[in-house]
Amino acid sequence: MNCEECRSAISPFLDNELEPALADTVRGHLALCQECAAVCEDIASIFEVCRTDGEDLLTPPNSPALWRRISNVIESEIKPPPPVEPEQPTKRFWRFSLPQLATGFALIAVVSSLFTVIGIRVYSRPEASTAGLRSSSEETTMEKVLGKLGLISTPQQARDRHFAEQQKAIDYWNARVALRRAEWDQKTREAFDRNMRVIDQSVAQYTNILKQDPEDDLSAEMLDSVLTDKMNLLRDFSDL
Amino acid sequence: MSFCPTFSSQLRSALKLTAAAALVAMFSISAFSQKKFSRTYPAPNNVRLQLMNKSGTVTVEGWNRAEVQIVATLEPPAANVAPQNLSGTIVINLVKDNQSRSDIGNVNFLVRVPYTTMVDIETRMGNLNVSNVRGGLVRARISTEGDITLTNIGASAVSAENVTGDIFYDGDIVAGGTYRFASTRGAINLRIPFNSSFRVVATAPSTRNISLGVFGGGAINYIGDGRRVVGKFGDGSATLSVTNQQGSISFFRR
């Protein structure tokens, strides 16, 4: 028997599982071979330990708890199944009928056109205060409709606003003239009053005409002109 | 009896002497009471005259010299006159120069300028006269009352404006030019060449007295019950705007 055959038979030899003849052969080799004898002693000592303390080493102190922890770890690592996606519609995603949709699109088109027209008008047309008065005869049908709806100001409204602004300016210059007037000589005072009366006469004339006929664009233009003259006269005399 | 003729002749002589002395005194007082201001500036081409008076008559005449001559007659209390020559513009501003004074007398200007001068004159009250200029601009404005007389004008931009008083224009209508005449109460008379080309908007809302004279044969529209006349003559390259709130408008052939 060589050493390799001996070492493979050591474990059954120690467990008394070998044939008596083979056990004698192993025993004889171990008596002659120091290295195999050492291996046999090592294995024997391991067997001895297993027999005495093996129960404590192999069995965990609280095996049910350990198994629950293991079980929990395994369950947590298992991915949940993907959520079930709703069933995709196959044909239409809206719930409107075709006439409803057509009406909606038409409405959007009308509203956007309306705002575009208003925007262009407002952008391209200067204000009445800067560009003078706009005649009502120049008003387009669309502007008349929008004016009646209150979406844009009518020429008359713009005109009234313009006159109100002019009146504010006149009031301002009037106040300044009132401060200076006491220092004028008599000739200056008389000339100022005389010409102011002439202008006021025209202002009254056009104001009356416009009360009777608000559509009289020529009178509106003339009123604008004489109010400007009045403002200029006041301004000229405010620094005397 | 012989005394009477002698006494009579002596009395006549005394009266003559007294009258002569009174006349001399009157002229002397007048001469002493009025002051004169005179100044001359060399004028480059296209010089501009900018004059603002408070009261008095301003007369501007074109002449054949390259200089601007300013002569002012100052009535008492005499105003300060301080012309400035600012790089080609002669500026006289009596309102500014006498800002703190309210008692200044009339100042009558006679200003002679080269023919090509641009004239911009203004007064609070008084007459304005401009003649013999053909620069780019003639502007005359009276804040209150006074007549504006523009004669022999060849400018391409003309503006005349007053409240009370007449406006008279006698001059060319330059092709592409702009002409504006506006009064509140007075008469506006325009004397222009028959071959002038212009578009006109003439408005006399109160009187409706708009006389186009020989220019009445063009393309004319009456607007607002005759309160406004819109017309085109020739190729219509120049623009005329005439407004008289309470007076008349008349066109004459030059």
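Residues numbered from 1 in each chain as written. Chains lettered and ligands numbered in written order. Predicted model: local features only at pLDDT ≥ 70, side-chain atom pairs only at ≥ 80, totals over all residues.

Caption draft 1: Representation of the overall build of chain A within the structure. Each helix and strand in chain A was counted, giving 10 helices and zero strands. Mapped from its N terminus to its C terminus, chain A presents α and β elements in the order α-α-α-α-α-α-α-α-α-α. When each of the 240 residues of chain A is scored for burial, the buried share is 16%. Of the contacts formed within chain A by residues at least 6 apart in sequence, a portion of 66% connects residues at least 24 apart. (Helix = DSSP H or I, 4+ residues; strand = E, 2+ residues; numbered from the N terminus. Buried ≥ 20, exposed ≤ 12 C-beta atoms within 10 Å, placed from the backbone. Contact = placed C-beta atoms within 7 Å.)

Caption draft 2: View of the packing of helix α1 (residues 3-14) of chain A against helix α2 (residues 20-32) of chain A. Residue and element names in this part refer to chain A. Running from N to C, α1 and α2 point in directions that differ by 120°, and their axes come no closer than 10 Å. Between α1 and α2, the crossing angle belongs to the class labelled oblique. Read as a crossing pair, α1 and α2 show a hand that is left-handed. Of the residues in α2, those in contact with Cys6, Ala9 and Phe13 of α1 are Leu22, Ala23, Val26, His29 and Leu30. (Axes fitted to C-alpha atoms, helices over the stretch in contact; angles between N-to-C directions. Parallel < 35°, antiparallel > 145°, perpendicular 65-115°, else oblique. Left-handed = near helix turned anticlockwise from the far one by under 90°.)

Caption draft 3: Focus on the interface of chain A and chain B. Opposite the 19 residues of chain A that make contact, chain B presents 21 residues. When contributions to the side of chain A that touches chain B are tallied by element, the ones reaching two or more residues are α9 (186-212) and α10 (217-238) of chain A. Taken together, the residues of the side of chain A that touches chain B break down into 10 nonpolar, four polar and five charged. (Nonpolar A, V, L, I, M, F, W, Y, C, P; charged D, E, K, R; others polar.)

Caption draft 4: Region of the structure containing the confidence of the model for chain B. Residue and element names in this part refer to chain B. For chain B, the average pLDDT comes to 89, and 89% of its residues sit at 70 or higher. Note on residues 27-32: pLDDT under 50 across the span, and zero contacts to partners over four residues away in sequence or across chains. Overall fold confidence for the complex sits at a pTM of 0.67, while the interface term, ipTM, reaches 0.83. (pLDDT = per-residue confidence, 0-100.)

Caption draft 5: Geometry of unusual backbone geometry. All names here are of chain B. For the peptide bond that leads from Pro76 to Pro77, omega is -10°, which places it in the cis range. Among the structural elements, Pro77 can be located in the loop between β4 (67-74) and β5 (84-86). The backbone of Ser87 shows a phi angle near 40°, a positive value even though the residue is not glycine. Relative to the helices and strands, Ser87 is located in the loop between β5 and β6 (89-93). Judged by local crowding, Ser87 falls into the exposed class, with 6 C-beta atoms found within 10 Å. One non-glycine residue, Asn132, lies in the positive phi region at around 60°. Residue position: Asn132 is located in strand β9 (residues 128-133).

Caption draft 6: Molecular detail of the sheet that holds strand β7 (residues 107-114) of chain B. Residues and elements named next belong to chain B. The sheet built from 10 strands is open, its strands ordered β1-β4-β7-β3-β9-β11-β13-β15-β21-β17 with mixed pairing. Each having just a single partner strand, β1 (35-42) and β17 (210-211) make up the two edges of the open sheet. When strand β3 (residues 58-63) meets β7, the two strands line up parallel, connected through six bridges. Bridge pairing in β7 links Val58 to Phe109. (Pairing = 2+ DSSP bridges.)

Caption draft 7: Inspection of the sheet that holds strand β16 (residues 198-203) of chain B at higher detail. Pairing is mixed across the open sheet formed by 11 strands, whose spatial order is β5-β6-β2-β8-β10-β12-β14-β20-β16-β19-β18 (chain B). The open sheet has two free edges, formed respectively by β5 and β18 (219-223) of chain B, since each of these has just one partner strand. Each neighbouring strand pair of the sheet contributes to a mean axis angle of 10°, computed without reference to strand direction. In this structure, strand β14 (residues 178-185) of chain B lies alongside strand β20 (residues 238-244) of chain B, joined through six bridges in parallel fashion. Each bridged residue has a counterpart across the sheet, and for Thr178 of chain B the counterpart in β20 of chain B is Thr239 of chain B. Along the sheet, α9 of chain A makes contact with β8 (118-125), β12 (157-164) and β14 of chain B, crossing β12 of chain B at roughly 100°.

Caption draft 8: Looking closely at the pairing of strand β11 (residues 148-153) of chain B. Residue and element names in this part refer to chain B. Taken together, the five bridges between β9 and β11 define a ladder with parallel strand orientation. Bridging from a neighbouring strand, Ser131 pairs with Thr151 of β11. Pairing geometry for β11 and strand β13 (residues 167-171), over five bridges, is parallel. Note that in β13 the partner of Thr149 across the bridge is Phe168.

Caption draft 9: Broad picture of the packing of α9 of chain A against α10 of chain A. Residue and element names in this part refer to chain A. As a packed pair, α9 and α10 sit with axes 9 Å apart at the nearest point and diverge in direction by 155°. Taken together, the axes of α9 and α10 are roughly antiparallel relative to one another. Pair α9 / α10 crosses with left-handed handedness. Together, Phe192, Asn195, Met196, Ile199, Ser202, Val203, Tyr206, Thr207, Ile209 and Leu210 of α9 and Ser219, Ala220, Met222, Leu223, Val226, Leu227, Asp229, Lys230, Leu233 and Phe237 of α10 make up the contact between the two elements. Partitioned by chemical class, the residues of the contact of α9 with α10 number 14 nonpolar, four polar and two charged.

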